[in-house]
Amino acid sequence: MGDASCVPWWCNRYVVDAAALGVLSPELVLVSPPELAAEARRLVPDPLPGTYVKPITPSPRAIALFYATCLAGTIGPLVLAYAAR
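Residues numbered from 1 in each chain as written. Predicted model: local features only at pLDDT ≥ 70, side-chain atom pairs only at ≥ 80, totals over all residues. Heavy atoms only, no water.

**A short note on the overall build of the chain**
Of the regular secondary structure elements, the chain holds 5 helices and 0 strands. Seen in sequence order, the chain has helices and strands lined up from the N terminus as α-α-α-α-α. Counting the 85 residues in the chain, one finds 6% classified as buried. (Helix = DSSP H or I, 4+ residues; strand = E, 2+ residues; numbered from the N terminus. Buried < 20%, exposed > 50% of the residue type's maximum accessible area, 1.4 Å probe, protein only.)

In structure tokens:
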């Protein structure tokens, strides 16, 4: 008979009605029926642009430290490999 004869609520007894939960996780919205997912997306408040990300400008010291670390991570193993030969 295969999967086609299986009634959905018999096949997956772990399915929970998401409306009964009150709150939907993002993972549950992905696998929910389209109507329920649309309702969940409608209930999510729109973020205000620019209020959740604070602009950061790195200092010259931080930039120099970053480049020095990259250089040491690149040149260091090359020097050690050359010295081991």
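**Observations concerning the confidence of the model for the chain**
Looking at the chain, pLDDT values average 75 and 65% of them are 70 or higher. Within the chain, the element-level pLDDT minimum falls on helix 2 (residues 18–21), averaging 50, and the maximum on helix 5 (residues 60–84), averaging 95. (pLDDT = per-residue confidence, 0-100.)

**Describing the packing of aromatic side chains**
By the definition in use, this model includes 1 aromatic pair. Here the aromatic rings of F66 and Y67 are separated by 5.5 Å at their centres, their planes lie at 70 degrees, and the arrangement is edge-to-face. Note on Y67: relative accessible area 54%, which makes it exposed. (Phe/Tyr/Trp six-rings, centres within 6.5 Å; stacked < 30°, edge-to-face > 60°.)

**Let's talk about a nonpolar patch on the surface**
On the surface, a cluster of nonpolar side chains totalling about 340 Å² of accessible area is made up of I63, F66 and Y67. Its place among the elements puts Y67 in helix 5. (Patch = residues over 30% accessible without salt bridge, like charges linked within 9 Å, V, L, I, M, F, W, Y side chains within 5 Å. Areas by Shrake-Rupley, 256 points an atom, 1.4 Å probe, with all protein chains shown as cover. Salt bridge = Lys/Arg side-chain N within 4 Å of Asp/Glu carboxyl O.)

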